[in-house]
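A structural walkthrough
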Amino acid sequence: MQQRRLTTGPLLDDGGTLIETGWSASEERRYDRRKVAASGLRVKEWDYYCVLSDGDSGPYGIALTVADNGYMGLLGVSWLDLAGPADVTENTMIPFPRGRLGLPASADSGDVVVRRGDVHIEYRNEGQARRLIVDHPGFGGGRGLSGELVLTQPPMDRMVIATPFPSSPKAFYYNQKINCLPARGSVTVDGREHLFDPATAFGVFDWGRGVWTYDNTWYWGSASGLHDGLPFGFNIGYGFGDTGAASENVVFHDGVAHKLDRVQFHLPVGTYDGAPWRFTSNDHRFEMEFVPIHDRAADVNALVLRSTQHQVFGRYTGFVVLDGGSRLEIENLLGFAEKVRNRW
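An account of the accompanying structure is given in this report.

Conventions and cut-offs
Residues numbered from 1 in each chain as written. Predicted model: local features only at pLDDT ≥ 70, side-chain atom pairs only at ≥ 80, totals over all residues. Heavy atoms only, no water. Buried < 20%, exposed > 50% of the residue type's maximum accessible area, 1.4 Å probe, protein only. Helix = DSSP H or I, 4+ residues; strand = E, 2+ residues; numbered from the N terminus. Pairing = 2+ DSSP bridges. Phe/Tyr/Trp six-rings, centres within 6.5 Å; stacked < 30°, edge-to-face > 60°. Lys NZ or Arg CZ within 6 Å of the ring centre and 35° of its normal. Salt bridge = Lys/Arg side-chain N within 4 Å of Asp/Glu carboxyl O. Core = buried A, V, L, I, M, F, W, Y, C linked by side-chain atoms within 4.5 Å. Contact = heavy atoms within 4.5 Å.

1. Some points on the pairing of strand β4 (residues 43-53)
β4 sits mainly inside the fold: 11 of its 11 residues count as buried. Of the two faces of β4, the one lined by Val 43, Glu 45, Asp 47, Tyr 49, Val 51 and Ser 53 and the one lined by Lys 44, Trp 46, Tyr 48, Cys 50 and Leu 52 are each fully buried. One ladder, built from 11 bridges, connects β4 with strand β15 (residues 201-211); its direction is antiparallel. Its bridge partner lying in β15, Tyr 48 is registered against Asp 206. Pairing analysis gives nine bridges linking β4 to strand β5 (residues 60-68), with the strands arranged antiparallel. Along β5, the bridge assignment pairs Ser 53 with Tyr 60. In this structure, the hairpin formed by β4 and β5 is closed by a connection of six residues.

Okay, here's the thing in structure tokens:
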């Protein structure tokens with residue numbers, strides 16, 4: 001397929017529609033919430049981090065979410081004990097934020113500082129590093145969770161995509177995935193400190209802004225780590241809107257993005273964390289088996305609003321082919337794959 005590259009300029013025209021669709025390896029298009037033509041109740045903005053450690057004392061990880069979804073905001077904290085395996089996930093809802101959380105218009109500048117009750121989350125942008133701070137004394141029934149992680153971000157490519165929804169011209173999906181962020185710091189859960197070493201701990205940043213149609217199912221897979229001592233990771237997925245201009249499938253190797261065409265998720269029937277998943281690409285450059293470790297499942301049902309989630313953590317084994325034709329063999333790379341249906 002034609003993988004259309006985004007050029008520099010505003011994301012939306014004065015009528016609130018996408019000026020250009022496609023992908024890029026850096027933030028080329030500028031998001032401006034004031035140009036969104038849809039109701040403020042329909043605007044979706046979120047910053048999500050997932051950091052996984054695969055060292056001698058692991059595997060474990062943390063996921064943090066700050067989302068302003070118009071009529072409902074969310075602060076999410078998940079502790080992932082992948083040796084158990086188990087997770088504790090706690091979400092704090094914020095009614096009708098409508099932009100009051102102040103999420104930045106760019107993934108490359110601005111801070112996020114939100115406190116709701118005893119839940120405190122900060123994302124500090126420090127140029128070539130991102131500092132994540134969390135304090136949640138009531139987490140896990142009073143066990144408590146707090147920590148600070150610094151994710152280094154040297155100059156490197158990312159996945160950026162601008163996607164339209166043909167059935168709704170004012171709807172759009174503008175998303176960035178920044179993989180391969182080495183993490184240093186610690187998280188304390190129930191009085192026990194868990195260290196994150198940049199040699200074995202890596203994060204992914206999922207930055208999203210947009211207006212969606214009501215009912216969507218998406219598939220997303222991500223992993224980050226090292227391959228022969230060099231940063232390696234990938235982003236795969238589909239489900240949102242019309243990706244005719246570009247897919248969101250990218251392999252990252254030593255800071256460089258290698259664009260893929262279509263990647264298909266082959267899920268086992270009737271289970272999410274039992275039998276292995278398979279992934280294949282139509283350009284034969286991405287073939288993986290994914291062995292599940294733990295399904296972080298959730299089903300939030302509030303009448304007309306519902307989110308059914310299966311974020312499955314596990315290990316990828318297979319191969320990728322880079323743009324120049326080099327084939328990399330991947331073995332037991334820690335990451336996740338998910339299927340999520342949202343009606344909101």
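Following the structure, the description resumes.
2. Remarks on unusual backbone geometry
Here the amide bond leading from Gly 58 into Pro 59 is cis, since omega sits at 5°, within 30 degrees of zero. By the element assignment, Pro 59 lies in the loop between β4 and β5. In this model, Gly 84 is joined to Pro 85 through a cis peptide bond whose omega is -10°. In this structure, Pro 85 sits in the loop between β6 (72-81) and β7 (86-95).

3. Looking at the packing of aromatic side chains
Considering all chains together, one arrives at 30 aromatic pairs under this definition. An aromatic cluster is present here, built from Tyr 219, Phe 232, Phe 234, Tyr 238, Phe 265, Tyr 272, Trp 277, Phe 279, Phe 286, Phe 290 and Tyr 316 joined pairwise through their rings. Over the ring of Phe 319 we find Arg 327; its NZ or CZ atom is 3.8 Å from the centre of that ring.

4. Focus on the pattern of salt bridges
Applying the stated criterion across every chain, the model contains 16 salt bridges. Across the pair Asp 108 and Arg 158 runs a salt bridge whose closest N-O atoms are separated by 2.9 Å. In this pair, Asp 108 is assigned in the loop between β7 and β8 (112-116) and Arg 158 in the loop between β11 (145-152) and β12 (159-164), connecting sequence segments 50 residues apart. Residue Arg 158 is classed as buried on the basis of its relative accessible area, which comes to 7%. Asp 111 serves as the salt-bridge partner of Arg 124, at 3.2 Å between the closest nitrogen and oxygen. Highlighted residues: Arg 124 in strand β9 (residues 119-125) and Asp 111 in the loop between β7 and β8, separated in sequence by 13 residues. For Asp 111, a relative accessible area of 34% translates into the label partly exposed. Sharing partners across several salt bridges, the network here consists of Asp 108, Arg 130 and Arg 158.

5. As for the nonpolar core
Core analysis: the largest hydrophobic core is formed by 68 residues, its most contacted members being Ile 62, Val 66, Trp 79, Leu 145, Phe 172 and Phe 196. Among residues more than four places away in sequence, those in contact with Ile 62 are Tyr 49, Cys 50, Val 51, Ser 78, Trp 79, Leu 80, Val 134, Leu 145, Leu 149, Val 187 and Phe 196. Membership of the second largest hydrophobic core comes to 22 residues, among which are Ile 236, Leu 260, Phe 286 and Tyr 316.

6. Details of the environment of Gly 58
When you line up the elements, Gly 58 lands in the loop between β4 and β5. On the accessibility criterion, Gly 58 (19% relative accessible area) is buried. Expressed as a C-alpha distance, the spacing of Gly 58 and Leu 12, which sit 46 residues apart in the sequence, is 44 Å. With sequence-adjacent residues up to four places away left out, Gly 58 is seen in contact with Ser 53 and Ala 83.

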